[in-house]
Amino acid sequence: MIWILALSFAAAALASFAIVVSAGWHKRWSADADLSGPQKMHAKIVPRIGGLSIACGLLAGVLPLLRTETSVLQQALLLLLCALPAFGLGLVEDFTKAVSPRRRLFGAVVSGLLAIWLLNAVLVRTSMGFLDWAITAWFPLAVFLTVFYVAGLVNAVNLIDGLNGLASMSVALMLAALCYVALQVNDVLLASMALATLGATLGFFIWNYPQGLIFLGDGGAYLLGFLLAEFGLLLVARNPSVSPFAPLVLVAYPVFETVFTMYRRKVLQGRPVSQPDGVHLHTLIYRRQMRWAQRGRNTATQIHRNSMTSPYLWALNSLAVLPVALWWDHTTALVISLFAFFLVYLWLYWRIVRFQTPAWISPRKG
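Residues numbered from 1 in each chain as written. Predicted model: local features only at pLDDT ≥ 70, side-chain atom pairs only at ≥ 80, totals over all residues. Heavy atoms only, no water.

Some details on the overall build of the chain
Point 1. Scanning the chain from N- to C-terminus turns up 15 helices and 2 strands.
Point 2. Per-residue burial over the chain gives 54% buried out of 366 residues.
Point 3. Here the contacts in the chain between residues at least 6 apart in sequence split such that 75% fall between residues at least 24 apart.
Point 4. For the chain, the computed accessible surface area is about 16,200 Å², with 68% contributed by carbon and sulfur atoms. (Helix = DSSP H or I, 4+ residues; strand = E, 2+ residues; numbered from the N terminus. Buried < 20%, exposed > 50% of the residue type's maximum accessible area, 1.4 Å probe, protein only. Contact = heavy atoms within 4.5 Å. Areas by Shrake-Rupley, 256 points an atom, 1.4 Å probe, with all protein chains shown as cover.)

Here it is in structure tokens:
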């Protein structure tokens, strides 16, 4: 296991370094040069092809599996193969800026269908009596719910990718919990793949945070979102002792951020759900709190403000991740934890949007 982590980390870190130092000649295609959008909070042009780093880390992390059972290696490679449509279309968007959200969503759907076909990664139980009966009796419903979950999580991870280190460390915390649970139930495949993805994510992270020298981009966010979704589905499908609520609670932060964003845009603002805005929780903390903590408009100050914001969201994300590590086999405790997280999120958002931010989230002015 230590080799999986070490190799994936080293490969992703080296790939990220190579992308950063060579940015001068490929930034025309690979860089995020839009500094003015409502969700843009970076201060300089940055390559947004970190997905390539994650992919390199994953390929390196799979190498130690050559010494395991053939079936484990085969399933690991099939899982990476299934990720290609979602990752590929996201990466093409990173280079061309010409792939519509609908086409990228289609890529996520295709990846989800491939995983159902090749790995039987399908929703098998929910701990909700009638729904369990329905998905057992009618397989197309199970397929629909599975693909909906996969595509939703792919887009949810992309949605929270708005600050240096926010998405990558949030996903890293989720992967660590997934790996822990997989080890508890002796699932070698999922423990190995979660660890390889964790190492690759951390290898990227050291170049993304705090300086923001490279971004995940759509390719990286889609790849991590897809793998998170599949790890959760397979963990429940392969291990009856794992509560079906464990994967849902684990990804509560990006999922609830997405659902709340759709509600806010469509119901409260009367605008298309796909139209970007600057009032996500992380953008509110940044714009209403951090910009007053460090005054000035130079690049160094802007990067510092950006990096100061992410740890607050990592802490919020941990409120969903820790219960999974503690009660992965206890559905009642997980349901309570899920509702508790939603209440904390809504309370925090309500306080910040009304300029009543709790004192512990208000940094000193500098």
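Right, picking up where we left off after that structure.
Side note on the pattern of salt bridges
Side chains bearing opposite charge may pair, as long as their charged atoms lie close to each other.
Point 1. Counting across every chain of the model gives 4 salt bridges.
Point 2. We note a salt bridge from Arg-48 to Asp-94, for which the minimum N-O separation is 2.7 Å. On the criterion of sequence distance, the pair formed by Arg-48 in the loop between strand S2 (46-47) and helix H3 (50-62) and Asp-94 in helix H4 (residues 70-96) is long-range, its members being 46 residues apart. One exposure class covers both Arg-48 and Asp-94, and it is buried. (Salt bridge = Lys/Arg side-chain N within 4 Å of Asp/Glu carboxyl O.)

A closer look at the packing of aromatic side chains
Point 1. A complete count under the given rule lists 14 aromatic pairs for this structure.
Point 2. Centroid distance Phe-256 to Phe-260: 6.2 Å. Interplanar angle 25°. Geometry classified as stacked. Of this pair, Phe-256 and Phe-260 both sit in helix H12 (residues 252-268), 4 residues apart, which is roughly one turn of the helix. Taken individually, Phe-256 and Phe-260 each receive the classification buried, so the pair is uniform in this respect.
Point 3. In this structure an aromatic cluster arises from ring pairing among Phe-256, Phe-260, Tyr-263, Phe-341, Phe-342, Tyr-345 and Tyr-349. (Phe/Tyr/Trp six-rings, centres within 6.5 Å; stacked < 30°, edge-to-face > 60°.)

Digging into the packing of helix H7 (residues 139-159) against H12
Point 1. Interaxial distance between H7 and H12 falls to 8 Å at its minimum, and their mutual angle equals 90°. By the criterion of interaxial angle, the relationship of H7 to H12 is roughly perpendicular. Listed contacts from H12 to Leu-153, Ala-156, Val-157 and Leu-159 of H7 are Pro-254, Val-255, Glu-257, Thr-258 and Thr-261.
Point 2. Its residues assigned to classes, the contact of H7 with H12 comprises 6 nonpolar, 2 polar and 1 charged. (Axes fitted to C-alpha atoms, helices over the stretch in contact; angles between N-to-C directions. Parallel < 35°, antiparallel > 145°, perpendicular 65-115°, else oblique. Nonpolar A, V, L, I, M, F, W, Y, C, P; charged D, E, K, R; others polar.)

Notes on the packing of helix H5 (residues 101-119) against H7
Point 1. Where H5 contacts H7, the two axes come as close as 9 Å, and the packing angle between them is 130°. Judged by the angle between their axes, H5 and H7 are oblique. Like other packed secondary-structure pairs, H5 and H7 cross with a definite hand, here right-handed. Across the interface between the two elements, Leu-105, Ala-108, Val-109, Gly-112, Leu-113 and Ile-116 from H5 touch Phe-139, Val-143, Thr-146, Val-147, Val-150, Ala-151, Val-154 and Asn-155 from H7.
Point 2. Taken together, the residues of the contact of H5 with H7 sort by class into 11 nonpolar, 3 polar and no charged. (Left-handed = near helix turned anticlockwise from the far one by under 90°.)

Description of empty space enclosed by the protein
Point 1. Tallied over the full model, the rule gives 2 cavities of 30 Å³ or more.
Point 2. If you add up the space inside the second largest cavity, you get close to 40 Å³.
Point 3. Taken together, Ala-177, Leu-178, Val-181, Leu-235, Val-242, Ala-246, Pro-247, Leu-250, Val-324 and Trp-328 form the lining of the second largest cavity.
Point 4. Mapped onto the lining of the second largest cavity, the elements with two or more residues apiece are helix H8 (166-184) and helix H11 (245-250). (1 Å grid on protein atoms, 1.4 Å probe; cavity = no way out; pocket = protein on both sides within 12 Å on 5 of 7 lines; lining within 4 Å. Points joined across faces, edges and corners; volume = space filled by probe spheres on them.)

Side note on helix H9 (residues 188-208)
Point 1. In this model H9 runs 30 Å from its N-terminal to its C-terminal C-alpha over 21 residues, within 8% of the 30 Å that 1.5 Å per residue would give.
Point 2. Burial runs high along H9: 17 of the 21 residues are buried. (Expected span 1.5 Å × (residues − 1).)

What to know about a nonpolar patch on the surface
Point 1. A contiguous nonpolar surface patch, about 570 Å² in accessible area, is contributed by Ile-2, Trp-3, Leu-7, Leu-63 and Leu-66.
Point 2. The topology assignment puts Trp-3 in helix H1 (residues 2-21).
Point 3. A relative accessible area of 59% means that Trp-3 is categorised as exposed. (Patch = residues over 30% accessible without salt bridge, like charges linked within 9 Å, V, L, I, M, F, W, Y side chains within 5 Å.)

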